[in-house]
Amino acid sequence: MSRDDKFKKVISHAKEYGFVFQSSEIYDGLSAVYDYGQNGTDLKNNIKDYWLKSMVQLNDNIVNIDSAILMHPKIWKASGHVDAFNDPLIDNKDSKKRYRADVLVEEHISKIENKIHKEISKAKKRFGDGFDLEQFSTTNPRVLGYTKKIKEISKKFNEALEKDDLKNLKKLIEELEIACPVSGSKNWTDVKQFNLMFGTKLGASADSATDLYLRPETAQGIFVNFLNVQKTSRLKIPFGIAQIGKAFRNEIVARQFIFRMREFEQMEMQYFIKPGTQQKWYSKWKENRLAWHLSLGMGKENYRFHDHDKLAHYADAACDIEFNFPFGFKELEGIHSRTDFDLSSHEKFSSKKLKYFDPKSNESYTPFVLETSIGLDRMFLAVFSKALCEEKLKDGTERIVLKIPKILAPKKIAVLPLLKKDSLPELSKKIKEEFKWEFNTIYDEKDAIGRRYRRQDALGTPYCLTVDHQSLKDGTITIRDRDSMKQERMKVEEIKLKIRAELDIKSWLNS
Ligand code: ATP
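Residues numbered from 1 in each chain as written. Predicted model: local features only at pLDDT ≥ 70, side-chain atom pairs only at ≥ 80, totals over all residues. Heavy atoms only, no water.

Peer 1: Could you give me a rundown of the sheet that holds strand β5 (residues 98–100), with the residues and numbers involved?
Peer 2: Strand order in this open sheet of three strands is β5-β4-β6, and the pairing throughout is antiparallel. Only two strands of the sheet have a single partner each, and these edge strands are β5 and β6 (192–195). Across the sheet, the axes of successive neighbouring strands diverge by a mean angle of 50°, strand direction being ignored. Bridging between strand β4 (residues 86–91) and β5 involves three bridges; their strand directions are antiparallel. Note on β5: the bridge partner recorded for Asp91 is Arg98. Against the sheet, helix α5 (residues 101–127) makes contact with β4 and β5, and its axis sits at roughly 70° relative to β5, the strand it touches most. The sheet contacts of helix α8 (residues 166–175) involve β4 and β6, and relative to β4 the element is tilted by about 45°. (Pairing = 2+ DSSP bridges. Helix = DSSP H or I, 4+ residues; strand = E, 2+ residues; numbered from the N terminus. Axes fitted to C-alpha atoms, helices over the stretch in contact; angles between N-to-C directions. Contact = heavy atoms within 4.5 Å.)

Peer 1: Talk me through the site of the ligand; I want residue IDs and the actual numbers.
Peer 2: Around the ligand sit 16 residues, and of these Glu251, Arg260, Met261, Glu331 and Leu332 come closest. Measuring from a nitrogen atom of the ligand, one finds a side-chain N or O atom of Glu251 at 2.8 Å. The side chain of Gln266 places a nitrogen or oxygen atom 3.3 Å from an oxygen atom of the ligand. Among the elements of the structure, β10 (263–273), β13 (328–339) and β16 (368–375) are those that each provide at least two residues to the shell around the ligand. Here the shell around the ligand gets five residues from one element, more than from any other, and that element is β13. Along the lines of polarity and charge, the residues of the shell around the ligand split into four nonpolar, five polar and seven charged. (Near = heavy atom within 4 Å. Polar contact = N/O pair within 3.5 Å; in protein donor to acceptor, adjacent residues only side chain to side chain. Nonpolar A, V, L, I, M, F, W, Y, C, P; charged D, E, K, R; others polar.)

Peer 1: How would you explain the domain arrangement of the protein chain if you had to name every residue and give the values?
Peer 2: In many analyses, interface size is given as the accessible surface area lost on bringing the parts together. Domain annotation of the protein chain identifies domain 1 (43–70 + 210–398), domain 2 (86–195) and domain 3 (411–509). Computed over C-alpha atoms, the centres of domain 1 and domain 2 are 28 Å apart. Taken residue by residue, the interface counts eight residues in domain 1 and 12 residues in domain 2. Here domain 1 and domain 2 share an interface that buries about 900 Å² over both sides, 55% of which is from carbon and sulfur atoms. Three residues, Ile252, Arg255 and Lys310, lead the burial of domain 1 against domain 2; their summed loss comes to 58% of the area buried on that side. At the surface where domain 1 touches domain 2, the tally comes to zero salt bridges. In this structure, the connection of domain 1 to domain 2 is made through zero residue pairs in polar contact (both at pLDDT 80 or more). (Domains from an automatic or database assignment. Buried area = accessible area lost by both parts, 1.4 Å probe. Salt bridge = Lys/Arg side-chain N within 4 Å of Asp/Glu carboxyl O.)

Peer 1: Give a detailed account of the sheet that holds strand β11 (residues 303–307), specifying residues and quantitative values.
Peer 2: The seven strands lie next to each other as β3-β9-β10-β16-β13-β12-β11, forming an open sheet whose pairing is mixed. What marks the edges here is a single partner per strand, and that holds for β3 (62–65) and β11. If you compare each strand with its neighbour and ignore which way they point, the axes differ by 25° on average. Where β13 lies against β16, six bridges are found, and the strand directions are antiparallel. Its bridge partner lying in β16, Thr339 is registered against Val369. Together, β3, β9 (239–248) and β10 form the strand contacts of helix α10 (residues 226–233), whose direction differs from that of β9 by roughly 140°.

Peer 1: Describe the state of the cysteines, and please don't skip the residues or the numbers.
Peer 2: In the structure shown here, the tally under the stated rule is zero disulfides. A disulfide-free cysteine, Cys464 has its sulfur positioned 16 Å from the sulfur of Cys389, the nearest such atom. (Disulfide = S-S within 2.5 Å.)

Peer 1: Let's hear about the environment of Arg3: which residues, and what values?
Peer 2: With respect to the element layout, Arg3 can be found in helix α1 (residues 3–16). A residue is classified by how much of its surface remains accessible, and Arg3, at 44% relative accessible area, is partly exposed. Not counting the four nearest positions on each side in its chain, Arg3 is found in contact with Asn114, Pro326, Phe327 and Gly328. (Buried < 20%, exposed > 50% of the residue type's maximum accessible area, 1.4 Å probe, protein only.)

Peer 1: Go over unusual backbone geometry, please, and point to the residues and values.
Peer 2: Geometrically, the link from Ile237 to Pro238 is a cis peptide bond, its omega value of 5° lying close to zero. Locating Pro238 in the fold gives a position in the loop between α10 and β9. Positive phi is not limited to glycine here, since Arg234 has a value of about 60°. Unlike most non-glycine residues, Asp447 shows phi in positive territory, near 75°. Tracing the backbone shows Asp447 in the loop between β20 (441–443) and α15 (449–459).

Dropping the structure here:
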């Protein structure tokens, strides 16, 4: 299956099974805005919970806050967003379509990278077990040519980005003969900077209203509350403040489903540290965050770090954790060493002291900050797209199954009476009542049992409990595992113990 086909399947499955809907669909939708359905909301909440537990509940020195979306407009001046939160945009004069100039170049580079991957897989097939990747990549003339090309383009690209040189960025697009995917033409406008913040107004009358912005990141709500939290919690440096909340960006190109939305959610944590210790904490949080991702068992090979060459105005080191989405490796989470930029800047703009008094050394200083910032919706897409599988079964039939990490699955258990008669529904409902206190449990009696299993597979429900005539006699029920499809007969209490053990967050996070 091609990457495009896989991605289309992900989107249609998300809609068909109540995970993600286009926002305002009956009015033909609102571009790059999405709603989460009944199952999507459960999955999203479970991801939040997994993040919050590991980040806050398990760390004595990290607390959670919930700051407002609307904030004083000076905050965005201080943070640099008014002046620097821009993306370079370019229009194609024939199709009138708008693109991010940097993304056009990145996609061009990706295409060359794909050519390298194709050469490698062809060679792998040809040479079989004797294939040596290192040797092939450093000697094959075609691969060497592609690699050289990428290096040359990247050099020019990074230079243009570092200097905000929009003229050279356009020149590069022309040199590379990048064409508009819609019109096929190379008739481009100049590159312009475009600010991504959404503006809004506060106040009743037009003349007295104040211009505000919808926050483009949750981080600033943490910085401006830094002293409030520190003083009321009495936390000592190093300590962290976490927050999950909505952020808004007027993205220029928004064509990748929930990967790039105009309204989305972030899970951020700002870790306040002593100046000079940032390298140590940067490495530590890179390690911690990767371990968190790997604990979900979605394959080590699907993650990689990407170190930033061009650093944001506030950072002295930064990297992304990239995930292998259906459209290739892309940013899932950012880890940034933000220095004291934000606190110092807020101190200047607000004229209020934002210093930390260190009781040990008896000195006051502006803490440095280490940030981990993950998009909840991107995490959702990572989990959902990796989970969606089409499997050929031994009997020749096929099934579609969502192998979502069990701890994140929207519904954990489906209780199914084998038949809709002979008191089986009554006993099943009783069992459902018992499980629902501890696990998200549903009851389903419609259709033949095989179809019900398929339905639960497609929803990602890890356990189906089937109640049959033997259950009436000896109280045992059959538990069917979503992934192995293995069925075992057990007592209700044994099943509880098994599920409890398999969904135990301690085992997941320590795996
Ligand atoms: P990108 O380079 O993809 O635009 P970014 O570097 O601007 O992302 P950050 O500002 O570091 O992103 O935000 C932190 C996280 O928030 C990202 O790693 C991503 O997971 C998420 N995120 C950012 N923009 C969006 C968006 N438009 N839609 C969904 N998630 C987003």
